[in-house]
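Reading the structure
One letter stands for each residue in the lines below.
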Amino acid sequence: MKPLYKVAATLVLAGVAGHAAADIKPFEAVEYRKGIFKAVKWHFGAMGDMVKGKAEFDSEDFARRADLLAALSQMPWEGFRPGTYASATSALPVIEDKWEDFTAAGDAFSEKAAALAVAAKGDDMKAIKSAFGATARTCKGCHDDFKD
Ligand code: HEC
């Protein structure tokens with residue numbers, strides 16, 4: 001058996017190098033990230049209906065969706081790869097040039113979604129609404145700069 005630290009180092013390197021990077025076609029990466037955003041919309045939209053009173057507020061369901069959103073918020077980014085801005089996408093090529101700004105905007109979304117998931121486990125409706133609004137602003141902030 002390999003010593004544990006060697007196994008860990010191998011995993012870290014695999015993460016840095018990306019998963020079977022050469023085998024992924026541009027359209028697959030585009031479909032991947034769009035699929036994640038569709039799921040984001042699915043849950044965030046339902047949460048928005050509850051926050052805005054268009055649907056009855058179900059705290060258990062809201063918290064479940066908030067947990068899913070927090071996980072989803074970490075997922076799209078690996079689908080943004082070189083050579084994936086030409087077709088079937090509304091992602092702007094400027095993402096390539098401003099990669100650090102783009103990932104910072106992604107991190108902001110993840111942080112706000114994580115805070116929303118925490119707020120959702122409590123019963124402070126004001127805190128929940130405020131955390132929801134903060135998350136929504138990260139969507140718009142990124143779309144304004146990086147989405148057609
Ligand atoms: C860091 C940037 C960023 C953040 C944050 C972000 N998005 Fe996006 N989103 C994008 C980009 C870029 C695309 C275009 C993807 C493509 O077409 O390849 C996109 C696409 C989408 C789409 C269209 C998916 C489709 O059907 O093709 C939806 C819906 C969406 N985002 C919703 C959201 C919501 C809701 C949030 C916040 C809860 C959010 N996004 C946060 C960058 C972001």
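Residues numbered from 1 in each chain as written. Predicted model: local features only at pLDDT ≥ 70, side-chain atom pairs only at ≥ 80, totals over all residues. Heavy atoms only, no water.

This part covers the packing of aromatic side chains. The full count for this structure, using the stated rule, is 10 aromatic pairs. These aromatic residues form a ring-pair network of at least three members: Phe 37, Trp 77, Phe 80, Trp 99, Phe 102, Phe 109 and Phe 146. (Phe/Tyr/Trp six-rings, centres within 6.5 Å; stacked < 30°, edge-to-face > 60°.)

A lone protein donor binds the iron atom of the ligand: His 143 (NE2), at 2.0 Å. You can see His 143 is positioned in helix H6 (residues 125-146). (Donors = N, O, S within 2.8 Å, 3.2 Å for Na, K, Ca; no water. Helix = DSSP H or I, 4+ residues; strand = E, 2+ residues; numbered from the N terminus.)

Moving on: the site of the ligand. Taken together, 23 residues lie around the ligand, and Lys 38, Thr 89, Cys 139, Cys 142 and His 143 are the ones closest in. Within the side chain of Lys 38, a nitrogen or oxygen atom sits 2.7 Å from an oxygen atom of the ligand. The contact in question runs from an oxygen atom of the ligand to an N or O atom on the backbone of Ser 90, over 2.9 Å. Listing elements by their share of the shell around the ligand, those giving two or more residues are helix H2 (26-51), helix H5 (99-120) and H6. (Near = heavy atom within 4 Å. Polar contact = N/O pair within 3.5 Å; in protein donor to acceptor, adjacent residues only side chain to side chain.)

What follows covers the pattern of salt bridges. The full count for this structure, using the stated rule, is four salt bridges. A salt bridge links Asp 67 to Lys 121; its shortest N-O distance comes to 2.7 Å. Linking Asp 67 in helix H3 (residues 59-72) with Lys 121 in the loop between H5 and H6, this pair joins segments that are 54 residues apart in sequence. The shortest N-O distance in the salt bridge between Asp 144 and Lys 140 comes to 2.8 Å. In this pair, Asp 144 and Lys 140 are both assigned in helix H6, four residues apart and thus about one turn of the helix distant. Take Asp 144 and Lys 140: they sit in the same class, and that class is exposed. (Salt bridge = Lys/Arg side-chain N within 4 Å of Asp/Glu carboxyl O. Buried < 20%, exposed > 50% of the residue type's maximum accessible area, 1.4 Å probe, protein only.)

We now examine the UniProt feature "binding site: heme c" (unreviewed entry) in the protein. The feature "binding site: heme c" (unreviewed entry), as given by UniProt, occupies Cys 139, Cys 142 and His 143 in the numbering adopted here. The partly exposed category is assigned to Cys 139, whose relative accessible area is 22%. (UniProt positions renumbered as here; feature names shortened; annotations may be inferred.)

In a regular helix each residue adds 1.5 Å, so 14 residues correspond to 20 Å; H3 covers 20 Å between its end C-alpha atoms and thus fits that length. Among the residues of H3, those classed as buried are Asp 61, Phe 62, Ala 63, Arg 65, Ala 66, Leu 69, Ala 70 and Leu 72. In this structure, the buried residues of H3 make contact with H2, H5 and H6. At the N-terminal boundary of H3, the capping side chain belongs to Asp 58, with an oxygen 3.2 Å from the backbone nitrogen of Glu 60. (Expected span 1.5 Å × (residues − 1). Contact = heavy atoms within 4.5 Å.)

To continue, consider the nonpolar core. Membership of the largest hydrophobic core comes to 30 residues, with the highest contact counts inside it found for Phe 62, Leu 69, Phe 80, Ile 95, Phe 102 and Leu 116. No other element matches H5, which puts eight residues into this core. With residues near it in sequence (within four places) discarded, Phe 62 still touches Met 47, Met 50, Val 51, Phe 57, Leu 116, Ala 120 and Ile 128. (Core = buried A, V, L, I, M, F, W, Y, C linked by side-chain atoms within 4.5 Å.)

Relative placement of two packed helices is described by the angle separating their axes and the distance separating the axes. Where H5 meets H6, the axes come as close as 9 Å, and the angle between the chain directions of the two elements is 165°. It follows that H5 is roughly antiparallel to H6 by the angle criterion. Read as a crossing pair, H5 and H6 show a hand that is left-handed. The residues of H6 that touch H5, namely those facing Asp 101, Phe 102, Ala 105, Ala 108, Phe 109, Lys 112, Ala 113, Leu 116, Ala 119 and Ala 120, are Ala 127, Ile 128, Ala 131, Phe 132, Ala 134, Thr 135, Thr 138, Cys 142 and Phe 146. When grouped by side-chain class, the residues that make up the contact of H5 with H6 number 15 nonpolar, two polar and two charged. (Axes fitted to C-alpha atoms, helices over the stretch in contact; angles between N-to-C directions. Parallel < 35°, antiparallel > 145°, perpendicular 65-115°, else oblique. Left-handed = near helix turned anticlockwise from the far one by under 90°. Nonpolar A, V, L, I, M, F, W, Y, C, P; charged D, E, K, R; others polar.)

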